[in-house]
Structures are given as C-alpha cells and as structure tokens.
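A structural walkthrough
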Amino acid sequence: MTSLPVSGGETQGVGELGDAGGGFVPPVYPFDKLTVFAELAQRHEGGAVDLSIGTPCDPPPAQVLAALASSGAERGYPASIGSTEFRHAASAWMSRRFGVDAEPSLIAACVGTKELVAGVPHWLRLRSPQRDTVLYPILAYPTYEMGAILARCRAVPVPARPDGTMDLASISPEDAARALCLWVNSPGNPGGQLDDLAAAARWGRAYGVPVFSDECYIEFTWAGPGRTILEHGLEGVVAVHTLSKRSNLAGLRVGFFAGDPDLVEYLSSVRRHAGFMVPGPVQHAAAVALGDDAHVDLQRAIYATRLERFAKVLSETGIPADTPAGSFYLWVAVPEEFAAGGSDGTSSSWALTTWLAEYGGVLVTPGDTYGPAGTGHVRVALVQPEDRLELVGRRLSAAKIT
Ligand SMILES: Cc1ncc(COP(=O)(O)O)c(C=O)c1O
C-alpha cells in the first residue's frame, strides 16, 4: 500500500492507494471506530447515552412535517438549484436573522452540506485544473480533508492560534498559490470557537483563493450575534448553510450555499449536470422551516441549558469543562489523570472516552477524530434529552477518577 499524499505533502494514510491497480481504498469511517465504547456503555442499566455524533434528537417543527406531506411536489423533478420558494426563503432568513443581502439568484440548494463539503474540491478542480490544494482548519470536521482526498488533492491543514481561530499568516505563499479553496468553520466543530470571517475573506481576496465558510452552527452562537462571511461582501466567498442543526432536519438532507455570483453559478451548473437535487417536498418543508424563527429560539434555549448543566456534571466529576462560544458541543480537555493514555497504547482522548463509557455509560468522541490537533480532548454533543443527561450525571457522581 502507498499512502496518498495529504497534509502538505506528508502522508497520513487517511486514504490509501491499493497495490492492485492503484485504486482508492476508503478508510474506516471515523464514527465506526467508536463501537467498542458503545459496547462498554451499553452494559449500564438504562443503556448507553450517545453524545458522540451531532445528530439532533429533538423534534422538527410540526408545521414543517405538515408541509413535507402537502407540497404536491412529488411527481416532477425538482430544480437542482432549488425552487424559487426555497431560495427566497433562504434569502429572507439571511436578511432577517443576520442582516445580509443575498439575493435568491445568489443562492443554490444542496443535499445537506456534507455532500457539498466533500464535493467542492472535485468541482473546483474541474474549474482550475492547475490548482490542487485544499486548505482547512487543523482541528476540524473530517469531511474537509476527505473532500480533498476524494478529489486527489493535497489536504493542507491551517494551524490554529491559541484561541482556536485560524492562523492565516502561517499559510505559505506556495500553498496559497496552489489552493483551490480555503474552508473556515465558525462556530467551529468541534471547538466551538468563532473565527474572524472578515480576515478570512480578506485573505482569500488577497491570494485569489475562494473562501468557503461553513456556518452550519450559526444559529447556536452564544457569544454575540450569529456571523456570516457574507457580511464582508460577496466577492470570492461562499457561505454554506444547513437545515440539519437549525431545525432538527438532518434526516431531510437539505442545505444551501450562497455568495460570489461566479462561484455559485459554476457550482450549481456542474451539480445540475451531475443530478444533485433536493427532493421537491423537502425543498417546500425547508422553505417553511426557514420562515420560522420561534422553533429555533426554543432550540437555542434547550441547548444552552444542556451545555450549562452538562459542563457542571463533568466539572463536578473532576473533568473541568467550559461552555463554548458557539455550537452544541463541549470541547473538553482531558484531565492529567488520563494524560498517559490507555494501557493498550491508545491516546489520552481514547483513555477518557473509555472511562466515560465505562463509568458514565456515555459515548463521546475522542478529539483525535478531528485531526491530530484534537488529541488531549474529547467532544461531547448535547443531543440527548435532559433525563438522559441526568442519568449520566447520577452514574458519574458515583465514580472516582483514579
Ligand atoms: C462543521 C460541519 N459541517 C457540515 C456538517 C454536515 O451537516 P449536514 O450534511 O447535515 O448539512 C456537519 C455535521 O455535523 C458539521 O459539523
């Protein structure tokens, strides 16, 4: 096996070129590695409490489900770029909620944002074949890197400053010259930090690199108002949004991207040829969801309470945890009792994850799932109801870190 070059020419073995024919061999899916913890946690009476994947557990608004069933849009093919209704609703949401003016013509639908994140390098490379590099935050949602690998590009992580924001000054001019795009993610998964989107837009314009701003947690910004990169002009930037988190609609697979007219036009045209379409009934339901803020305000209150309470549970257990500036994740530093890692040679993140599964019956995600920079942390997704979190609290109150 030869490893595919990633991360500025280094090899991480994330995607492998097989010996026979040199074909791509997909790596193990990150969350599939966590089944061992699930088995441990499941042994508790009351079962495992899953705070690993950020999949919402709360119900979507009733009017959205009603809209899904009553659109009458089942028969015909939907518009790949998104229906007029959907694009107007997205535009109105951005203007109402964040004060930016993104006309419906500058907005296009995507089938949830994961496929967009994974596909952007491939499509941008069709546009700029002389470029081959994807820049993304060093601590990040794994799909930024995977999108680069799937497009046979170089995935180059951008180091973070001590506050978790991207250190754009550390990007070498050589990498900038080869870059197809720069990804930013604010509020960030897993760290919850808020990045300087004005600086990212400026950097992209200075180097002629499109900046893609993944803003899927924007509604769960706790430190001040939600921020979008589109506040800093449209030129060279694309904001990426999803209904998955905002409206608990991860199962519908719907999102959109908005911004620079040329980029939106190019991407939506390529995607149309490739047959990417959000189903018509889903587009109608998403338009209804985007038109309503009351359910989001309710959800914000739910996450804020859970973050606060579970941070307290962990802190009282001897695992100090701070609430984030954004997102519904706690990004928790591994206490020194676990610093040496597991007796089986696993990292400190895996050692704490194992302990939490064993004593709390709770599943969290080891920080190294988000890149080597995540070692020494675990991510806790507050996606279970209050009674399940209290159950973990009771289990942990009887446990002692040794
Ligand atoms: C940072 C980030 N971007 C994108 C996504 C994908 O969301 P979806 O595909 O549901 O729109 C996620 C999901 O967890 C995420 O955390």
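Rules of the game
Residues numbered from 1 in each chain as written. Predicted model: local features only at pLDDT ≥ 70, side-chain atom pairs only at ≥ 80, totals over all residues. Heavy atoms only, no water. Helix = DSSP H or I, 4+ residues; strand = E, 2+ residues; numbered from the N terminus. Buried < 20%, exposed > 50% of the residue type's maximum accessible area, 1.4 Å probe, protein only. Contact = heavy atoms within 4.5 Å. Areas by Shrake-Rupley, 256 points an atom, 1.4 Å probe, with all protein chains shown as cover. Lys, Arg positive; Asp, Glu negative; His and termini not counted. Charge placed at Lys NZ, Arg CZ, Asp CG, Glu CD. Disulfide = S-S within 2.5 Å. Salt bridge = Lys/Arg side-chain N within 4 Å of Asp/Glu carboxyl O. Core = buried A, V, L, I, M, F, W, Y, C linked by side-chain atoms within 4.5 Å. Expected span 1.5 Å × (residues − 1). Near = heavy atom within 4 Å. Polar contact = N/O pair within 3.5 Å; in protein donor to acceptor, adjacent residues only side chain to side chain. Nonpolar A, V, L, I, M, F, W, Y, C, P; charged D, E, K, R; others polar.

In terms of helices and strands, the protein carries 13 helices and 15 strands. Structurally, the protein occupies a C-alpha span of about 60 × 50 × 40 Å along its principal axes. The buried share of the protein, taken over its 402 residues, is 56%. When contacts within the protein are restricted to residue pairs at least 6 apart in sequence, long-range pairs at least 24 apart make up 73% of them. When the accessible surface of the protein is split by element, carbon and sulfur atoms take 54% of a total near 16,600 Å². Considering the protein, the positive charge centre built from 31 side chains and the negative charge centre built from 43 side chains are found 3 Å apart.

This next bit is on the environment of Ser269. With respect to the helices and strands, Ser269 occurs in helix H9 (residues 261–274). Between the alpha carbons of Ser269 and Ala108 there is a distance of 9.9 Å; along the sequence they are 161 residues apart.

Take the state of the cysteines next. Applying the stated rule across the entire model yields 0 disulfides. Left unpaired, Cys110 is separated from the closest cysteine sulfur, that of Cys216, by 11 Å. Judged by its relative accessible area of 0%, Cys110 falls in the buried class. Free cysteine Cys153: the closest other cysteine sulfur is in Cys181, separated by 8.4 Å.

Turning our attention to the pattern of salt bridges. Per the counting criterion, the structure on display carries 12 salt bridges. One salt bridge connects Asp293 with Arg96, and the closest N-O pair in it is separated by 2.8 Å. Here Asp293 is found in the loop between helix H10 (280–290) and helix H11 (294–317), whereas its partner Arg96 is found in helix H3 (residues 84–98), with 197 residues between them in sequence. Note that Asp297 and Arg97 form a salt bridge whose closest N and O atoms lie 2.9 Å from each other. Pair noted here: Asp297 is in helix H11 and Arg97 is in helix H3, with a separation of 200 residues, a long-range link. With a relative accessible area of 39%, Asp297 lands in the partly exposed category. Among the residues examined, Arg97 registers a relative accessible area of 25% and is labelled partly exposed. It is possible to trace a salt-bridge network through shared partners that takes in Arg96, Arg97, Glu219, Arg246, Asp293 and Asp297.

Right, let's talk about the nonpolar core for a bit. Residues Leu182, Ile229, Leu230 and Phe256 are the most contacted members of the largest nonpolar core, which totals 47 residues. Setting aside anything within four residues of it in sequence, one finds Phe256 in contact with Phe86, Ala90, Trp93, Met94, Ile107, Ala108, Ala109, Cys110, Ala239, Val240, His241 and Leu290. Core analysis: the second largest hydrophobic core is formed by 28 residues, Phe310, Val313, Val362 and Leu389 among them.

The next point concerns H3. Given a rise of 1.5 Å per residue, 15 residues ought to cover 21 Å, and the 21 Å separating the end C-alpha atoms of H3 matches this to within 8%. Residues of H3 that are buried include every one of Phe86, Arg87, Ala89, Ala90, Ser91, Trp93, Met94 and Phe98, and no others. Buried positions along H3 lie against strand E5 (107–110), strand E10 (237–242), helix H8 (243–246), strand E11 (255–259) and H10.

As a structural note, the neighbourhood of the ligand is formed by 14 residues, with Asp214, Tyr217, Thr242, Ser244 and Arg253 the closest of them. Within the side chain of Asp214, an N or O atom sits 2.5 Å from a nitrogen atom of the ligand. Taking Thr242, its side chain carries an N or O atom lying 2.6 Å from an oxygen atom of the ligand. The set of elements that each furnish at least two residues to the shell around the ligand consists of helix H4 (113–127) and H8. Here the residues of the shell around the ligand sort into 4 nonpolar, 6 polar and 4 charged.

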